[in-house]
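Inside the fold
The chain contents come next:
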Amino acid sequence: MGGILSGCGVLVLNMFKWLKRQLDKIGSPTLDWVQVEVTSHCNGACIYCPHTLLRSRWTSKQMPIELFRKLIPFLKYTDMVYLQGWGEPLLNNNIFEMIRICKDQGKCVGFTTNGMLLTEDTIRTLTDLELDIIGISLAGATATTHNQIRKGTDFNKLVSNLELLYKIKAERKTNVPAVHLAYLMLRSNFHELKEILPLAKRVGAKQIVASNMTLILDPKLSAEAIFNDTKHMDYYNITLKEIKDKATSENIIFDYHGPGLDDASLRCRENVLHACVINVEGKVVPCVLTDPVLCENREPDDRNPPCYIFKDQSFPIRGISFGNIRNESLTHIWNKKEYSRFRELFNPKITRSSEQILSEMPQCCVKCYKRLGA
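Quick look at the structure, then. All values reported here derive from a predicted model rather than from experimental measurement.

Criteria and cut-off values
Residues numbered from 1 in each chain as written. Predicted model: local features only at pLDDT ≥ 70, side-chain atom pairs only at ≥ 80, totals over all residues. Heavy atoms only, no water. Helix = DSSP H or I, 4+ residues; strand = E, 2+ residues; numbered from the N terminus. Expected span 1.5 Å × (residues − 1). Contact = heavy atoms within 4.5 Å. Buried < 20%, exposed > 50% of the residue type's maximum accessible area, 1.4 Å probe, protein only. Polar contact = N/O pair within 3.5 Å; in protein donor to acceptor, adjacent residues only side chain to side chain. Core = buried A, V, L, I, M, F, W, Y, C linked by side-chain atoms within 4.5 Å. Pairing = 2+ DSSP bridges. Salt bridge = Lys/Arg side-chain N within 4 Å of Asp/Glu carboxyl O.

**Brief notes about helix α9 (residues 233-249)**
Residues spaced three or four apart along an α-helix point in a common direction, a consequence of the helix completing one turn every 3.6 residues. For α9, spanning 17 residues, the distance from its first C-alpha to its last is 25 Å, which sits close to the expected 24 Å at 1.5 Å a residue. Looking at the buried positions of α9, the neighbouring elements they touch are β5 (178-185), α8 (196-203) and β7 (253-256).

**Observations concerning the side chain of N279**
With respect to the helices and strands, the residue N279 is situated in the loop between β8 (275-278) and β9 (284-285). Taking relative accessible area as the criterion, N279 reaches 0% and is therefore assigned buried. Side-chain polar atoms of N279 contact the side chain of D291, separated by 3.0 Å. When residues no more than four places from it in sequence are discounted, the contact partners of N279 are E37, M63, D291, P292 and V293.

**What about the nonpolar core?**
By size, the foremost hydrophobic cluster in this structure holds 114 residues, and its most contacted members are F68, L83, L181, L193 and I196. Sort the elements by how many residues they give to this core and helix α7 (residues 155-172) lands first, with six residues.

**Observations regarding the side chain of N271**
Relative to the assigned elements, N271 resides in the loop between β7 and β8. A relative accessible area of 16% means that N271 is categorised as buried. Only 3.0 Å separates the side chain of N271 from the side chain of D32, close enough to count as a polar contact. Once residues lying within four places of it in the same chain are set aside, the contact partners of N271 are D32 and W33.

**Some words on the sheet that holds strand β3 (residues 108-113)**
The strands that make up a sheet pair up through hydrogen bonds in the backbone, lying either parallel or antiparallel. A sheet is described by the order of its strands in space; here nine strands give the open sequence β7-β6-β5-β4-β3-β2-β1-β8-β9, paired in mixed fashion. Looking at strand neighbours, the two that pair on one side only are β7 and β9, the edges of this open sheet. Taken together, the four bridges between strand β1 (residues 33-36) and β8 define a ladder with parallel strand orientation. Considered in β8, the bridge of Q35 is made with V277.

**A few points about the pattern of salt bridges**
One side chain can pair with another of opposite charge once the charged atoms of both are near each other. Here the structure, examined in full by the defined rule, presents 16 salt bridges. Close ionic contact of E281 with K61 constitutes a salt bridge, the shortest N to O distance being 2.4 Å. Here the residue E281 occupies a position in the loop between β8 and β9, and K61 occupies one in the loop between α2 (50-53) and α3 (65-69), the gap between them amounting to 220 residues. A relative accessible area of 22% places K61 in the partly exposed class. The closest approach of N and O atoms between D245 and K241, which form a salt bridge, is 2.9 Å. Of this pair, D245 and K241 both sit in helix α9, four residues apart, roughly one helical turn. Note on D245: relative accessible area 43%, which makes it partly exposed. The class of K241 is partly exposed, set by a relative accessible area of 48%. Where salt bridges share partners, they join K61, E281 and K283 into one cluster.

As C-alpha cells, then:
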C-alpha cells in the first residue's frame, strides 16, 4: 500500500510540475536580451566605478553555478544572454560552464571585460565555446590616458591580448567572438576617440560603442561628463559625426550616446520594456543602475547612504527588485503588477502627460542621465 501511495505521489508531483511549466508559458515575455551579473568582483580600480568609489561598503560576490542553472528554463524567453554586471566576468571560475549552458540552448552569448585575464588558454577556450561577442572596456586610445582612468588595467597588455585573439581567430578561420570596443567618453579622453578606428582595425573589431559616464558618485567627476560641458557641444557633435562617417566608410559600426541631454525625454536607453537584469543574487531588476548591489550593507539608521550626483545635486542610491529567480519564475516576476506598472511608465504607446508619468516614476529613474539620453 505504501509503495502504491508513493508511486501515486510521484505521479501527482510530476503532473504538477508539468502543469506549472505549461502555465509558465502563458504570458512568458519575449525579451531582446537577458543580462546576468555573474560576479561583482573586479580586478580593476577605475576612478569612476562604484566598485572603487564604494569600496568601504562593497561586498564582492559570485553567482554560484547552481543559481545560474536556474536560468535554463527562462532562456527560452530570449535569443541573447549577456553575462555582465558590476564586475569582471572572467573572475567567476564557472564562466566557461555558464557560456556552455547558454550555447547548448542555442543562445547568442557575450560579455564585457577589462581584458587583463585574456590569456592564450582563456582565448582558445572562449573560441572553442564559440562565444559570440566580447566587449572590451576602454577609456583612452593610449596607455597614458587609459591606464590613468582605468587603474589596475594596462592598455598595452590589453591590445596585445586582442592581437592574440585576432591571430587565433584567423588560424581557426572563425569570426567569433566578435570584438566590440566600448569607449567611455570623458572630457579628459575625448580627444583620443579619433584614434579608435585605427585601433579597431588593428584588433579586428567591427563595432564601437562610445558612451557617457552616467552614474556619477564623486562630485569631482561631474566635470568629466561631456554632457555637462555645454560650451563645447558643437565640437563633440561634429567630431562624433566625423568618426561615424569615417567608420561607415570602413565598414565599422560606430554608435554613440549623447553628447547632449534631452530634459523632456521619457525614454530609457536601458531598454527596460524588452530586457531585464538578473543580479548576482538572482534578483530581477530593470537595469544595472538599479541593481541592489550598489546600495547593500546599509544599516537602517545609516545617515550617510551611498549617493550619486545628478545635475549637481546628491541623491541616495536606490535599488529596485521585483523578485528572485531562486523562488519564482521569470514569467511570474515579469507579469507582477508592480513590474508591469513600472514598464508602462516608459511605454511610448501609452498616452499620458509627462507630468503624470514623472510623478509616478521612481526618483532613481527621474534623476537618471540614461532617461535623458546620455
